[in-house]
Amino acid sequence: MPTPPSLRIGVVIVAAGSGQRLGYGIPKAEVVLAGRTLLEHALEAVLASGVAAHICVAVPPGDTALTAICARAAGTVPVTAVEGGSSRAESVGRALSGLEPGLDAVLVHDAARALTPPDVFARVGAALAAGAQAVIPALPVADTIKTAVPCSPEEQRIAGEKVSGTPERARLRAVQTPQGFDARTLADAHRWLESAGSDAAGITDDAMLVERRGVDVFLVPGSEQALKITTELDLLTAEALVARRLRSAAPAGKESQQ
Ligand code: CTP
Ligand code: MG
């Protein structure tokens, strides 16, 4: 197979959410995990992967702390900040407009997936370079997943809902970010979204947006470390993951001295 031409890739990091479910009273991307904010962890992984020609971060309106983090992270790769919107999709749209023009591809990443390893970014970038218009990282699902419907009024005394089906587990995937796209495909999809009104109801990620437009979305292996930090329990898991990384990075013998 011929070596694919290298692409100029922009990375959007959405960090404009308020972190209601974590409940710290500050934007989630500012929450500190093992001494550094979630945004710093996310930026470090993107930069370490080497895929990005430009990074644009959507920050909460009026933010100064995350904007300062972007300024500090900027170096060979420019890191800029734009104000996000009231939904994740709106934040993605605004950050897309903040990327330099002429990029071949864009990766959209959640700051909340702060510990996503650099090799996941590299896998998504490689699939784009090999010709994918859309590619997302995913993992097999461990739980059996059911679909549910509300119970009838007579059944309400038993329970609120009941099972309507069981999708075959072997075919289910839990999807993560970064989600990668041909730059024009994603820009067209977001332009449609801005004018779609109620047609856009229920679109929960960028991949779904391009799926609706008939684009094939390819899957590459994700990582358990790319968990979305949503609740306090996720933050505890993330702390354990960082501690394990630090242990495995420590020189041999150092651990036993502690
Ligand atoms: N996000 C964003 N702009 C929004 C909402 C979400 O940029 N208006 C980002 C978040 O910062 C996060 C990612 O989208 O990195 C995934 O969203 P989620 O995990 O739901 O984060 P929050 O919206 O901050 O959390 P919560 O829903 O608990 O308030
Ligand atoms: Mg949210």
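One can find the structure itself at the top, above this paragraph.
Just so it is clear, the structure is predicted and the values come from calculations on it, not from any experiment.

Engineer: Got a minute to help me understand the site of ligand 1 in this structure?
Structural biologist: Lining the immediate environment of ligand 1, one finds 18 residues, of which Val14, Gly19, Gln20, Arg21 and Ser91 sit closest. Between ligand 1 and the protein, one listed contact pairs a nitrogen atom with a backbone N or O atom of Gly85 at 3.0 Å. Between a nitrogen atom of ligand 1 and a main-chain N or O atom of Ser87, the distance comes to 3.4 Å. Considering ligand 1 on its own, with 560 Å² of exposed area, one finds that the protein chains cover 87% of that surface. When grouped by side-chain class, the residues that make up the shell around ligand 1 number five nonpolar, eight polar and five charged.

Engineer: Where do I start with the pairing of strand β5 (residues 79–83) in this structure?
Structural biologist: Residues in a regular strand point their side chains to alternate faces of the sheet. Taken together, the five bridges between strand β4 (residues 52–59) and β5 define a ladder with parallel strand orientation. Along β5, the bridge assignment pairs Val57 with Ala81.

Engineer: Would you explain helix α1 (residues 38–49) in this entry?
Structural biologist: Given 3.6 residues to a turn, an α-helix orients residues that are three or four positions apart in the same direction. In this model, α1 (12 residues) spans 17 Å end to end at C-alpha, consistent with the 16 Å of a helix rising 1.5 Å per residue. Of the positions making up α1, those classed as buried are Leu38, Leu39, His41, Ala42, Leu43, Ala45, Val46 and Ser49. Looking one or two places after α1, you find Gly50, whose phi comes out positive at around 75°.

Cut-offs applied
Residues numbered from 1 in each chain as written. Chains lettered and ligands numbered in written order. Predicted model: local features only at pLDDT ≥ 70, side-chain atom pairs only at ≥ 80, totals over all residues. Heavy atoms only, no water. Near = heavy atom within 4 Å. Polar contact = N/O pair within 3.5 Å; in protein donor to acceptor, adjacent residues only side chain to side chain. Areas by Shrake-Rupley, 256 points an atom, 1.4 Å probe, with all protein chains shown as cover. Nonpolar A, V, L, I, M, F, W, Y, C, P; charged D, E, K, R; others polar. Pairing = 2+ DSSP bridges. Helix = DSSP H or I, 4+ residues; strand = E, 2+ residues; numbered from the N terminus. Expected span 1.5 Å × (residues − 1). Buried < 20%, exposed > 50% of the residue type's maximum accessible area, 1.4 Å probe, protein only.

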